[in-house]
Amino acid sequence: MKKPLAAVALATFLSPMMNAQTKPHLDPKKPIEERITLLMQQMTLEEKIGQMNQYNGFWDVTGPAPQGGSAEKKYEHLRKGWVGSMLNVRGVENVRAVQKIAVEQTRLGIPLIIGFDVIHGYKTLSPIPLAEAASWDLDAIRRSASVAADEASAAGIDWTFGPMVDISRDARWGRVMEGAGEDPYLGSKVAAARVKGFQGTDLTSPSSIAACAKHFAAYGFAEGGRDYNTVDIGNATLYNVVLPPFEAARNAGVRTMMNAFNLLNGIPATGNHLLQRDILKGKWKFDGFVVSDWASIGEMVTHGYAANLAEAAEKAAEAGSDMDMEASAYVTHLAQLVREGKVQESVIDDAVRRILRVKFELGLFDNPYRRCDEAREKTIGSKAHHEAVLDMARKSIVLLRNEGQLLPLPKQGKKIALIGALAADDNSPLGSWRIASDDHTAVSVLAGMKRYDGNKLVYEKGADLVKGETAFTKELVFNTTDRSGFPSALKAAKEADVVVMVLGEHGFQSGEGRSRTELGLPGLQQELLEEVYKVNPNIVLVLNNGRPLALPWAAEHIPAIVEAWHLGTETGNAVAEVLYGDYNPGGKLPMSFPRNVGQVPMYYGQFNTGRPVNTDQNVFWSHYTDTEKTPLFVFGHGLSYTQFSYQKLEVGRQQKKGQPVNVSVTVTNTGKRAGREVVQLYIRDVAASLTRPVKELKGFELVDLQPGESKTVRFVLTDKELGFYDNNGNYLVEPGVFNVFVGGSSATSLESAFTLE
Ligand code: BGC
């Protein structure tokens, strides 16, 4: 029988009050810290440790076989209150089901926090994070994260395992697609924008989710670019390159961090006291919590850092890993370790307080189902979300080359041959990390180009890219033998005015566990490109990739090259708008593109060395004997359909420490179209107690200019930009000469200097 409406309303009104009397921690008027204390007073040791235990759900799997045991065991732990969080549970129905157990069947009814990898969107996908970083547009990046949060929260998710803020300079590493590239300054700005986008201004809002800066720390420096491999870096790199984006995320209010799989100078990040206790929770006063990476506590045994799982649990908890993702180390061993006196209960209390704090902040105690709303779930994939990801996709595209103004293409009266298996692919452009999106839901380049019907468009794939996947590792197997599609592709190319070729990596060639030793075009694509070039050199090459590629032949021969990454759901629409000039591209590379894999790690912020140039016409200088030492495309590079000129760089010459340094430059659109330029400012601290790189990005501004329009762009350099960390992590600002460079890429030559007294 249905309850009368008035009775339902009364019960709803009374229950928080009644709850607040019987369970005082549920009183929303009390301050959060007091509510945590009241709750913790009621918790047994096992219940506390339960909060530190996170299990994978029963559906998606994002790591090696779950270690938490059978589903029955997980359910049993859930009912006992021994699970504080679950990941990979999604959809209102599924989330509600597990949350109901936690809230209604456990002794204290503590809600779960539901985590999920919302990396570049939930169902409606924006470009991969590396691509988004190419926009340098922090407002757009923040909006993109907030659209992702909107969709994910509508599916019951409270917490994303993002943003990944790992700096990486090694294109072999598959996970460069998840980050913001090679530079700590840009990386820090993007990290903060993403955190703000996910978390919004009010964490209790049903459409906000908690963010997680990962992987703390140095995971992007895996030796040889091989995922999960050892990291051995000096303190100069740790403090000046690796840590700044994490600190920026912390300052932007990120509520959680994830540690990492890797060893850092001999100690697993997961068991690393210096990182988690001294720096993160000590120096930075971070009051959120740290989740381990998938089974990374257990992997400390495999690393050879703990003799068994119990010792791993002890070392991880002591080092500051608050929550155990899928290793079952804490739930199995921590209580005993406390009883034996090996782990202090205060360590447990600290971890639990941090976890509960975030749950309170998310409003989960006031309404555990606040992100379980069937009506909102139906808004996933709305028109507004599609428009938002399309906007981000346009802004992520980088025009690498445009000889003879081959682009934009005329809209009428031309014969265009579109070639390449990726051109018709509606799956690969979704990119890696897209668990909740449906396969084959991207707009392909072919579909996007068909919307422009003034030209005659002929499509030929030329050759399949992928043949299948290996049964064992599920890795892609490329077609290297079947050229049966070549003749018709060559015929179409010969008959066309312009050839558009879409080539590059498959969406699943980058991402976790997908490192490469080659950075060229896989399969038969390079051969196809060269064959087509022989019959028609009028080629626009559209690249799809999740990492910098090394394409020296293309950079020399192909007149127009468009970097289109994996742009997500709206890929084809964004690419077509750029090709036909309805959108003037303005993206800039967030990672240097090497000439070949032997140059890697490749980054602009290198050190000068003692022998940077060839002065004596001999071999004894820092170079390669078989290629240039410069990259193929530099960090910050990106062209437009218009041109920009830079004039009047002005810098106050003599400066006092502590006082801001004003820099200004005039930028003019000298071409015939409106366009966007990313004005970049770099410095070099010429002599310091710790040698500084030849260039360091310290500011950028986006300017939109009409043809003929000029703008004066102003930068202010403060101690925050002028200093660096010494090898003990102390921040220093030292007097001396600083060079200042301003321009449209890291290879800019407009230069001035000032002296800091
Ligand atoms: C990855 C993390 C991810 C986690 C949960 C791990 O394998 O390294 O980045 O958040 O799985 O899916």
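Residues numbered from 1 in each chain as written. Predicted model: local features only at pLDDT ≥ 70, side-chain atom pairs only at ≥ 80, totals over all residues. Heavy atoms only, no water.

Moving on, we get to the overall build of the protein chain. Looking only at helices and strands, one finds 23 helices and 28 strands in the protein chain. Radius of gyration (C-alpha) of the protein chain: 27 Å, near the 27 Å computed for a compact globule of 757 residues. Projecting the C-alpha coordinates of the protein chain onto the three principal axes gives extents of approximately 75 × 65 × 50 Å. Buried positions account for 59% of the 757 residues belonging to the protein chain. Summing over all exposed atoms, the protein chain offers an accessible surface of approximately 28700 Å²; the carbon and sulfur share of this is 51%. For the protein chain, the separation between the mean place of its 82 positive charges and that of its 88 negative charges on side chains is 3 Å. (Helix = DSSP H or I, 4+ residues; strand = E, 2+ residues; numbered from the N terminus. Rg over C-alpha atoms; globule rule 2.2 N^0.38 Å. Buried < 20%, exposed > 50% of the residue type's maximum accessible area, 1.4 Å probe, protein only. Areas by Shrake-Rupley, 256 points an atom, 1.4 Å probe, with all protein chains shown as cover. Lys, Arg positive; Asp, Glu negative; His and termini not counted. Charge placed at Lys NZ, Arg CZ, Asp CG, Glu CD.)

Close contacts around the ligand come from 14 residues, with Thr62, Asp117, Arg175, His215 and Asp293 the closest. Interatomic distance of 2.5 Å between a side-chain N/O atom of aspartate 117 and an oxygen atom of the ligand. Arginine 175 is positioned with one of its side-chain polar atoms (N or O) 2.7 Å from an oxygen atom of the ligand. When isolated, the ligand has an accessible area of 310 Å², and the protein chains bury 99% of it. The cavity that encloses the ligand is the largest cavity. Partitioned by chemical class, the residues of the shell around the ligand number seven nonpolar, two polar and five charged. (Near = heavy atom within 4 Å. Polar contact = N/O pair within 3.5 Å; in protein donor to acceptor, adjacent residues only side chain to side chain. 1 Å grid on protein atoms, 1.4 Å probe; cavity = no way out; pocket = protein on both sides within 12 Å on 5 of 7 lines; lining within 4 Å. Sits in = over half its atoms within 2 Å of the grid points. Nonpolar A, V, L, I, M, F, W, Y, C, P; charged D, E, K, R; others polar.)

Time to look at the pattern of salt bridges. Taken as a whole, this structure holds 48 salt bridges when the rule is applied. With its nearest N and O atoms 2.7 Å apart, the salt bridge here joins arginine 107 to glutamate 47. Remark: glutamate 47 occurs in helix α3 (residues 45–51) and arginine 107 occurs in the loop between α5 (92–105) and β3 (113–116); sequence separation between them is 60 residues. By relative accessible area, which is 9% here, glutamate 47 ends up buried. Here the salt bridges share partners, and the residues they tie into one network are Asp137, Arg143, Asp391, Arg394, Lys395, Glu577, Arg676 and Asp704. (Salt bridge = Lys/Arg side-chain N within 4 Å of Asp/Glu carboxyl O.)

A word on empty space enclosed by the protein. Under the counting rule described, the total for this entry stands at eight cavities of 30 Å³ or more. Of the voids in this model, the largest cavity is the one considered here, and its volume is about 100 Å³. Lining the largest cavity are 14 residues; nearest its centre among them are Thr62, Asp117, Asp293, Trp433 and Glu512. Grouping the amino acids of the lining of the largest cavity by side-chain chemistry returns seven nonpolar, two polar and five charged. Here the second largest cavity is characterised by a volume of approximately 80 Å³. Glu47, Gln51, Leu78, Lys80, Gly81, Val83, Ala102, Thr106, Arg107, Leu108, Gly109 and Ile110 are the residues that line the second largest cavity. At the level of elements, α3 and α4 (71–80) are the ones that each hand at least two residues to the lining of the second largest cavity. In the lining of the second largest cavity, the residues fall into five nonpolar, four polar and three charged. (Points joined across faces, edges and corners; volume = space filled by probe spheres on them.)

Quantified by volume, the largest pocket comes out at close to 1100 Å³. Along its surface, the largest pocket is lined by 45 residues, and Pro184, Tyr185, Ser188, Asn240 and Pro244 are the ones closest to its centre. Where the lining of the largest pocket is concerned, the elements lending two or more residues are α7 (138–154), α8 (184–199), α9 (235–242), α10 (244–251), β23 (696–705), α23 (719–722) and β25 (724–725). In this structure, the second largest pocket occupies an estimated 820 Å³ of space. In this structure, the second largest pocket is lined by 25 residues; those nearest its centre are Val61, Thr62, Gly63, Glu512 and Arg514. When the residues that make up the lining of the second largest pocket are grouped by side-chain class, the tally is eight nonpolar, seven polar and ten charged.

What follows concerns the environment of glutamate 460. Position of glutamate 460 among the secondary structure elements: in strand β13 (residues 456–460). Between the alpha carbons of glutamate 460 and aspartate 158 there is a distance of 45 Å; along the sequence they are 302 residues apart. When sequence neighbours within four positions are dropped, the list of residues in contact with glutamate 460 reads Leu418, Ile419, Gly420, Ser488, Ala489 and Ala492. Among the polar contacts made by the side chain of glutamate 460, one reaches the side chain of serine 488 at a distance of 3.3 Å. (Contact = heavy atoms within 4.5 Å.)

Function cannot be inferred from these measures alone, as they are strictly geometric.
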